[in-house]
Protein chains: 2
Amino acid sequence: MDSHISDPRAFQDQVLDLLQAFGTFGKTAEGGYSRLAAGPEEKRARDHLCGWLRDHGFTVIIDPVGNIFGVLDLCVTDSERAFFCGSHLDSQPNGGNFDGCLGVVCACVAALFLKERIAAGQVHPAFRYYVVTCWTGEEGARFQPSLIGSSVFSGALHLEDAWRLRDGDGILLKDALQMTGYLGSGEAPRPDHYLELHIEQGTELERAGRAIALVEACWGAEKLRVVVTGKADHTGPTPMAQRRNALLAASHLVVEIEALAQEARETLHSSVGRMVLEPNSPNTIVERAELWIEVRSPSEAALKRAAARIDESMTTISRQSGCDLAVSSRERRSVVCFDETALEDAERALADAGIGPLKLTTIAGHDAVRLQSVCPSTLLFVPSQNGITHSPLEFTTDADVRAGFEAMTAILARLISRPAGARFKENDR
Amino acid sequence: MDSHISDPRAFQDQVLDLLQAFGTFGKTAEGGYSRLAAGPEEKRARDHLCGWLRDHGFTVIIDPVGNIFGVLDLCVTDSERAFFCGSHLDSQPNGGNFDGCLGVVCACVAALFLKERIAAGQVHPAFRYYVVTCWTGEEGARFQPSLIGSSVFSGALHLEDAWRLRDGDGILLKDALQMTGYLGSGEAPRPDHYLELHIEQGTELERAGRAIALVEACWGAEKLRVVVTGKADHTGPTPMAQRRNALLAASHLVVEIEALAQEARETLHSSVGRMVLEPNSPNTIVERAELWIEVRSPSEAALKRAAARIDESMTTISRQSGCDLAVSSRERRSVVCFDETALEDAERALADAGIGPLKLTTIAGHDAVRLQSVCPSTLLFVPSQNGITHSPLEFTTDADVRAGFEAMTAILARLISRPAGARFKENDR
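Predicted model only: the values in this text are computed from it and were never measured.

Some words on the overall build of chain A
In terms of regular secondary structure, chain A is built from 12 helices and 13 strands. In terms of C-alpha radius of gyration, chain A reaches 23 Å, essentially the compact-globule figure of 22 Å for 429 residues. Overall, the C-alpha framework of chain A stretches about 85 × 45 × 35 Å when taken along its three principal axes. Burial analysis of chain A (429 residues in total) assigns 58% to the buried set. The contacts in chain A between residues at least 6 apart in sequence include a share of 78% that link residues at least 24 apart.

Topic: the relation of the copies chain A and chain B
Mapping chain A onto chain B is achieved by rotating through 180° and translating by 0.0 Å along the same axis, at an RMSD of 0.0 Å. In the structure described here, the two chain copies are related by an operation that fits a two-fold rotation axis. Using C-alpha coordinates, one finds that chain A approaches the rotation axis most closely at Ser 251 of chain A, a distance of 2.2 Å. Both copies share a contact surface, since 100% of the interface residues of chain A are interface residues in chain B too.

What about the domain arrangement of chain A?
All names here are of chain A. Taken as a whole, chain A is organised into domain 1 (8-219 + 336-428) and domain 2 (220-333). Centre-to-centre, using C-alpha coordinates, domain 1 lies 34 Å away from domain 2. On the domain 2 side, the residues contacting the 7 residues of domain 1 number 11 residues. Taken together, the residues of the side of domain 1 that touches domain 2 break down into 3 nonpolar, 4 polar and no charged.

Considerations on helix α12 (residues 398-415) of chain B
Under the 1.5 Å per step criterion, the end-to-end length of α12 of chain B is 26 Å for 18 residues, consistent within 8% with the ideal 26 Å. The element α12 of chain B is largely enclosed, with a buried count of 14 among its 18 residues.

A look at the confidence of the model for chain A
One rule of thumb: low pLDDT means the predicted coordinates there are not for detailed reading. Residue and element names in this part refer to chain A. Model confidence for chain A is summarised by a mean pLDDT of 95, while 97% of its residues fall at 70 or above. Confidence drops under a pLDDT of 50 for residues 423-429, and excluding neighbours within four residues, the segment shows 5 contacts in the predicted structure. For this predicted complex, the interface confidence comes out at an ipTM of 0.87, alongside a pTM of 0.87.

Remarks on the interface of chain A and chain B
Residue-level contacts link 51 residues of chain A with 51 residues of chain B. Secondary structure elements with two or more residues in the side of chain A that touches chain B: α8 (246-263), β8 (269-278) and β9 (288-297) of chain A. If one sorts the elements of the side of chain A that touches chain B by residue count, α8 of chain A sits on top with 8 residues. Considered class by class, the residues forming the side of chain A that touches chain B number 21 nonpolar, 24 polar and 6 charged.

Observations regarding the sheet that holds strand β10 (residues 324-333) of chain B
Residues and elements named next belong to chain B. Strand order in the open sheet formed by 4 strands is β8-β9-β7-β10, with antiparallel pairing between adjacent strands. Looking along the sheet, the strands with just one partner apiece sit at the ends: β8 (269-278) and β10. On average, adjacent strands in this sheet sit at an angle of 15° to one another, irrespective of strand direction. Bridge count between β8 and strand β9 (residues 288-297): 9 bridges; the pairing is antiparallel. From the neighbouring strand, Val 272 faces β9, where its bridge partner is Ile 293. Its contacts with the sheet place helix α8 (residues 246-263) against β7 (220-229), β8, β9 and β10, and it is angled at close to 170° to β8.

Conventions we followed
- Residues numbered from 1 in each chain as written.
- Chains lettered and ligands numbered in written order.
- Predicted model: local features only at pLDDT ≥ 70, side-chain atom pairs only at ≥ 80, totals over all residues.
- Helix = DSSP H or I, 4+ residues; strand = E, 2+ residues; numbered from the N terminus.
- Rg over C-alpha atoms; globule rule 2.2 N^0.38 Å.
- Buried ≥ 20, exposed ≤ 12 C-beta atoms within 10 Å, placed from the backbone.
- Contact = placed C-beta atoms within 7 Å.
- Least-squares fit on C-alpha atoms with pLDDT ≥ 70 in both.
- Domains from an automatic or database assignment.
- Nonpolar A, V, L, I, M, F, W, Y, C, P; charged D, E, K, R; others polar.
- Expected span 1.5 Å × (residues − 1).
- pLDDT = per-residue confidence, 0-100.
- Pairing = 2+ DSSP bridges.
- Axes fitted to C-alpha atoms, helices over the stretch in contact; angles between N-to-C directions.

Here's what the structure looks like:
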């Protein structure tokens, strides 16, 4: 058994190099990244990932919703358990290179770390497989909803329903996967643990002066699509009183959605991030507006009140505008708490490594939130500078990337050593 | 000289047949028509027009902005004057088959009527040329502004500026013209009179129970494009107070634009017909919104007040939203009055034909409004059912089409007989 142990910085250098390699795919003129789910730029990033995995001895499995699983057999004879580690490669339009990509890159390099430690006899894995995972359509940018791949994998979304999703140009997700070569037929092992490193997309770490956060829970969300139907007519001669202007009604709704957050008794975030207008021609009154609305809160009661108030606003706006307002889809995402035992284990591993993590609640959804419904999941954050994300300004320093990889591998080494059904006791540390 | 005079209904039948023939180009699933300027569907309609013109002995000229001129030499030896008659073939997205197309069709068939009357010695033309005209990009749907072809022809817009216009996909008008074969190099004769028949796009004719209107004037307009710049970020974790949401600011502006019309002391119409959002992704705060705003009024003072109030609203919204709001283009269209002598002549011609026209002011702009700046122009309306236009519901009855053609040819026969510089006297009737 080769007992050579690399300098920790050598693996961290590989993380930074691999991150830079992914940074060549989908770069925009503004310095951001557009790697939309199942699009040509994301395909190049996915191809690069698959190449890297094969080069490093992984078996690559693509499932029917395009999730990529790089399976490494750790040759543990008395277990069939699988330890998953990953994130996503798709981005927002003109987003950053850290959101998702960093987690995939760290999962890759962590395998090299793991192999070395196992070979040196420093880690004794209790899982047979280590699986690097890249989930399809996490962002909800090109195809809605978000978290598509992890939702299908965890059973929250039917495969056939996912295949039927259409992007803004009417292209089916199934066809987009086929066109890019990622409509697979493989079946991954089932996960027994999932670990994900992600950027915070907030400022709590920065304000606390820390580099690592362990995520305890995720806010709930109410996600709606509302269709406003008015009547197309000439913007010139049509008398003002006769107009049924879908854009005017939609604008009132946008203002109401903002007011929800301003007037809520409990913490609540609200937004309309996408709106599609028809015919969207300067001389024609807008006939149809579709709005993608979301409300997020740590309180289920607050979400319920917000949903009721949106319904009331729609009724009022409909009466005042003469337009029809209807909910075309509605998704309620419950508040999710991460596995407590896994959290305790992660904290101990970090303490052993001399790392004092912040404990946070995430507002943004992540694949780890979906995975928590099928196996204990651990979500780890590193800082995002000024909290900015989904923007070319998204940035995490090299030092924070290095610290994130160090923390993640400390947690990985501990969790992957844990026997099935066992609990580490205090004196196991 | 062949003195055969056809039954007037025979020409009217040809108008209805030719209108139906154009109705095969660009038909949509909803029963409307999408023949966007310099697009493939409009190209088919344009090709059909050119074929018809050549088949009927016209010389076809395409100019550098894609205007089509079908020139018929009436072999008048003592004149070089040209009588223009036409409209446009482009439509709104999912618009109707009457807006523009009816005027082109009537201009075509009117040539056959004219030839017969000249041959029969009933009309003695004082113009050498009769020119059927199809103007490029009247609608302002694919390329803005509206009235592109007639604006270049009349000198209100530079050819190079028109060529540089881009559609929503960034395609240059010049390239779109070239791709469809309508980037010409021909030069048309200069017009000495312009006659256009159009649908009313309002309900005044319907309410008055009349079939024909003569247009006396056109409202002025203020057309602006406003760019709202916020900051892209995650719709989840970003604290509400830190957001610079371009869609929220744009929505407030849409509501203010509507209020302009509601609160104006004088008649004023206002609208936002088009808005483009970036990145327009459900999980990202809208960073950029561009709004196509227009305000129309018969009062120049009211337009000036409205423009000032838009500026004030932009300042207020910018302060409240943290977004930057800037006017990226501004076009003022003055109130235009049609040539009075031509109006009197047209009225007399209609009176002789037993037709009592309504006299109207148009709110919508038309190519005839642009042409009035270079030659006396006459604009004629027929009813649009329920005033609906820019919609699959746009409709004009066969009876009104027949009446429109009858009125137009009566006016044509009189105006084309008028010697240069002369005025018909009362006893010329």
